[in-house]
Amino acid sequence: MSEPKLFISYCWSSPEHEDWVLRLGTELRENGVDVILDKWDLKEGNDANAFMEKMVSDEEIKKVILVIDEQYSDRANSRKGGVGTETQIISAEVYESVDQNKFVAVIASRNPEGKAKLPVFYKSRIYIDLSDDELYGKNFEQLLRWIYDKPLNVKPEIGKKPAFLDKEEQVSLGTSVAFRRLVEAIKNNRSHAHGALGEYFNLFSVNLSRFRLEPSNGANDFDEKVVDSIEQFIPARNELAEVFGAIAQYDQTTASASVIHKFFESLVPFLDRPEGVNSWHKWDWDNLKFIIQESFILCVSVFLKYERFDIVAYLLNQRYYIEMDDRYGRSTMASFGVFRNYLESLNHRNSRLKLQRLSVHADMIKERCTDSGVSFNTIMQADFVLYLAEALQGLKEERRQEWWPETLVFKSFHGGTFEIFLRSESIGYFSRLAPVLGISKKTELEPIVEGIKNDSIYVPKWQFDRIAPLELMNYENLCTRA
């Protein structure tokens, strides 16, 4: 809108008020508004009624200001004088016009009680207050924005309906109420926080069965169902991340460590076929394998981020109970490596869709971390710590490594040292981190260094690229300063 036309309706209450209106009209004209004001536009011999009717009849006049003081309202309500005549014209327009953005009241002064006295016909409408000198500049800008139809707060465009709403069925763990109660309890150190944590984890674990997929019978496109299910888990995954974050920041005890350990232990059965199922394909629960592995990495990532090495050490060094299943053939205690699984469905997806990716599994973890509150670099750091800790445990127990760091495919292209290992150049910092790896001093890392050099420790590689563990862990510079 260029040079918008605006009509000012006001009452000749006093010379001072007339000067105020004249000054307002001048300021508006200085800001590009073509103001129609009787002082300038009503000449001797002109028809006053015809002039007043212009505010309605003149199609070029898009805006009308009603300058309100006490006398204006009194005369408008009693229909006296010029204001009374204007009121008869205005009120009909206000009530009948489809465009109700044409008129606005501007408060010039208030009554002795400090209230704005509005005419009856305008009672329910919003006004602009120019009666306070301290707020004049801010509210004058509001008036200009109204005249030019340039509001400060613009209604955003309506976006597209989220794609996930078009899916026929949405899976929910039903944990939202327990989640809110738990986070409030942790942040405010409530006496029931520990119990609320157990309640939330139990509900989460029990209802995870809702994510079990119907047997695939080897269907060629079953990977689509796997990926869709993993995507549907994002809200629950984000809840978990917030729970871990709340514990890391607000619970300075280690009491939660055993509860978190029991929680992940309760997820182990979901890594295998459910009881009573005698016919299955090995990728039928790949979605749950991905979900549980991602959740464990995310958990370690959050606690490393907040340097809660005490909790991470507990989770990595305590064994996990596994009831008799197909993998072990007996009940046993296993390392956290049980949470890492090869997902054949994603490898099949890579081939079926000709994606030519080194790791679809890693791609998905990277893509999904954007709204988890944890950066992908922090995720990779946790994945590397899990690789190191499991390798060290494997050496001590003379068994094979069980943790494959999927995400480190993105570290195989370029090196760099992870933050916690850069900080571990400090002896004090390293002494805090060491229990996470199941050691107490740098010399206990020598077996893994030798193992890497003589290939007794498997170093992950993808085609022609491989990670450089000694560089990632800053081995040469560990414990080099106080």
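Let me sum up the structure you'll find in this document. Here the residue index of a chain counts from 1 through its sequence in written order. Given that this is a predicted model, residues contribute local features only at a pLDDT of at least 70 and side-chain atom pairs are listed and counted only at 80 or more, while totals for whole chains, interfaces and linings are drawn from all residues. To get the side-chain values, take all heavy atoms of the structure and skip hydrogens and water.

1. Thoughts on the overall build of the chain
Along the backbone of the chain there are 20 helices and 9 strands. In this description the radius of gyration comes from C-alpha coordinates, and the expected globular size is given by 2.2 Å times residues to the power 0.38. Taken over C-alpha atoms, the radius of gyration comes to 36 Å for the chain, far larger than the 23 Å a tight globule of 482 residues would show. Taking all 482 residues of the chain together, the buried fraction comes to 49%. Every residue pair with non-hydrogen atoms within 4.5 Å of one another is taken to be in contact. Contacts in the chain between residues far apart in sequence, at least 24 positions, make up 73% of those at least 6 positions apart. As presented, the chain carries roughly 24,600 Å² of accessible surface, and 49% of it is formed by carbon and sulfur atoms. We score Asp and Glu as negative and Lys and Arg as positive, and we do not count His or the chain ends. Note on charges: their place is set at NZ of Lys, CZ of Arg, CG of Asp or CD of Glu. Distance between charge centroids for the chain: 4 Å, based on 60 positive and 74 negative side chains. For the purposes of this entry, the term helix denotes a DSSP run of H or I that reaches at least four residues, the term strand denotes a run of E that reaches at least two, and both are numbered from the N terminus. Accessible area is worked out with a 1.4 Å probe on protein chains only. A residue is then buried under 20% of its type maximum, exposed over 50%, and partly exposed in between. Using a 1.4 Å probe, accessible areas were evaluated by the Shrake-Rupley method; residue-level cover was limited to the displayed protein chains.

2. Points about the sheet that holds strand β1 (residues 5-9)
A pair of strands is labelled paired if DSSP reports no fewer than 2 bridges between them. If you walk across this open sheet you meet the 5 strands as β2-β1-β3-β4-β5, and the pairing is parallel. Pairing within the sheet leaves two strands with one partner each, and these edge strands are β2 (34-36) and β5 (127-129). Direction aside, neighbouring strands of the sheet carry axes that sit 30° apart on average. Pairing of β1 with strand β3 (residues 61-68), which is carried by 5 bridges, proceeds in the parallel orientation. In the sheet register, Lys5 faces β3, and the bridge partner there is Ile61. To obtain each axis, a line is fitted to C-alpha atoms, and for helices this fit is confined to the stretch in contact; angles are then taken between N-to-C directions over 0 to 180 degrees. With respect to the sheet, helix α1 (residues 15-30) is in contact with β1, β2, β3 and β4 (103-107), its orientation differing from that of β3 by roughly 150°.

3. As for empty space enclosed by the protein
The method works on a 1 Å grid over the protein atoms by themselves. A cavity is a set of points holding a 1.4 Å probe that cannot get out, a pocket is an open set with protein on both sides within 12 Å along at least five of seven lines, and residues with an atom within 4 Å of a point line them. Grid points are joined across faces, edges and corners, and a volume is the space filled by probe spheres set on the points. Under the definition given, this model contains 1 cavity of 30 Å³ or more. In this structure, the largest cavity occupies an estimated 40 Å³ of space. In terms of lining, the largest cavity is formed by Arg237, Glu294, Leu298, Ile365, Arg368, Cys369, Ser372 and Ile379. Looking at the lining of the largest cavity, the elements with two or more residues in it are α12 (286-305) and α15 (360-368). A class-by-class count of the residues in the lining of the largest cavity yields 4 nonpolar, 1 polar and 3 charged. Side-chain classes follow a simple rule in which Ala, Val, Leu, Ile, Met, Phe, Trp, Tyr, Cys and Pro form the nonpolar group, Asp, Glu, Lys and Arg form the charged group, and the remainder, Gly included, forms the polar group.

4. Focus on the pattern of salt bridges
Salt-bridge detection follows one rule: a side-chain nitrogen of Lys or Arg within 4 Å of a carboxyl oxygen of Asp or Glu. Applying the stated criterion across every chain yields a total of 26 salt bridges. One salt bridge connects Glu224 with Arg352, and the closest N-O pair in it is separated by 3.1 Å. Of the two residues, Glu224 sits in helix α9 (residues 222-232) while Arg352 sits in helix α14 (residues 344-352), which places them 128 residues apart along the sequence. Note on Glu224: relative accessible area 29%, which makes it partly exposed.

5. Regarding the nonpolar core
Leu316, Phe339 and Phe421 are the most contacted members of the largest nonpolar core, which has 110 residues in total. Residue contacts for Phe421: discarding those within four places in its chain leaves Phe384, Val385, Leu388, Leu433, Leu437, Leu472, Met473, Asn474 and Leu478. Counting 23 residues, the second-largest nonpolar core is a separate cluster that includes Trp20, Val21, Tyr136 and Phe140. What makes a nonpolar core is a set of buried Ala, Val, Leu, Ile, Met, Phe, Trp, Tyr and Cys residues whose side-chain atoms join them at distances within 4.5 Å.

6. Looking at the packing of helix α11 (residues 255-267) against α12
Between α11 and α12, whose axes approach to 11 Å, the crossing angle comes to 165°. On the basis of their axis angle, the class for α11 and α12 is roughly antiparallel. Helix-helix and strand crossings are classified by hand; for α11 and α12 the assignment is left-handed. Between α11 and α12, the residues in contact are Ile260, Phe264 and Leu267 and Ile292, Ser295, Phe296, Cys299 and Phe303, respectively. For the contact of α11 with α12, the class distribution of residues is 7 nonpolar, 1 polar and no charged. Each angle receives one of four descriptions, namely roughly parallel if under 35 degrees, roughly antiparallel if over 145, roughly perpendicular if within 65 to 115, and oblique otherwise. Each helix crossing is assigned a hand: it is left-handed if the near helix lies turned anticlockwise from the far helix by less than a right angle, otherwise right-handed if that turn is clockwise.

7. Notes on the side chain of Asp69
Within the element layout of this structure, Asp69 appears in the loop between β3 and α4 (70-78). Judged by relative accessible area, which is 5%, Asp69 ranks as buried. Within 3.5 Å is the distance limit for a polar contact, defined as a pair of N or O atoms, with the added protein rule that one can donate a hydrogen and the other accept it, and that residues adjacent in sequence qualify only through two side-chain atoms. A polar contact of 2.9 Å, which involves the side chain of Asp69, links it to the backbone nitrogen of Tyr72. In this structure Asp69 touches Cys11, Ser13, His17, Ser109 and Lys117, once residues within four positions along its chain are discounted.

8. What about the packing of α1 against helix α6 (residues 136-147)?
Where α1 contacts α6, the axes come no closer than 12 Å and their chain directions differ by 60°. Here α1 is positioned oblique relative to α6, judged by the angle of their axes. As for how α1 packs across α6, the hand of that crossing is right-handed. Mapping the contact onto sequence places Trp20, Leu24, Glu27 and Leu28 in α1 and Tyr136, Phe140, Leu143, Leu144 and Ile147 in α6.

9. Some thoughts on the pairing of β4
For β4, the tally of buried residues reaches 5 of 5 residues, placing the bulk of the element in the interior. With 5 bridges joining them, β3 and β4 adopt parallel strand pairing. Within β4, the position partnered with Ile68 by the bridge is Ile107. Pairing analysis gives 3 bridges linking β4 to β5, with the strands arranged parallel. Across the sheet, residue Ile107 finds its bridge partner in β5, namely Asp129.

10. Remarks on unusual backbone geometry
A positive phi angle is found at Asn217, which is not glycine, with a value near 55°. In this structure, Asn217 sits in the loop between α8 (193-207) and α9. Exposure remark for Asn217: the relative accessible area of 73% places this residue in the exposed category. Of note in the backbone geometry, Glu398 takes a positive phi value of approximately 55° without being a glycine.

11. Some remarks on the packing of aromatic side chains
Between 30 and 60 degrees the pair is tilted, below 30 it is stacked and above 60 it is edge-to-face, where a pair is any two Phe, Tyr or Trp rings, Trp via its six-membered ring, whose centres lie within 6.5 Å. Tallied over the full model, the rule gives 28 aromatic pairs. Summarising the aromatic geometry, the rings of Tyr200 and Phe201 are spaced 5.9 Å apart at their centres and angled 50° between planes, so their arrangement reads as tilted. Tyr200 sits in the buried class, given a relative accessible area of 0%. Remark: a charge is flagged as sitting over a ring if the NZ atom of Lys or the CZ atom of Arg is within 6 Å of the ring centre and within 35 degrees of the ring normal. The residue whose ring lies beneath Arg29 is Trp40, and the NZ or CZ to ring-centre distance is 6.0 Å. Note that Lys63 overlies the ring of Trp146, its terminal NZ or CZ placed 4.5 Å from the centroid.

12. Things to note about α12
Residues spaced three or four apart along an α-helix point in a common direction, a consequence of the helix completing one turn every 3.6 residues. The terminal C-alpha atoms of α12 lie 28 Å apart, and with 20 residues this matches the ideal 28 Å at 1.5 Å per residue to within 8%. Burial within α12 is extensive, with 19 of its 20 residues counted as buried. The positive-phi residue at the C-terminal boundary of α12 is Glu307, with phi of around 55°. Between the first and last residue of a helix there are one fewer steps than residues, each counted as 1.5 Å, and that sum is the expected span.

As far as function goes, none of this settles anything; it's purely spatial.
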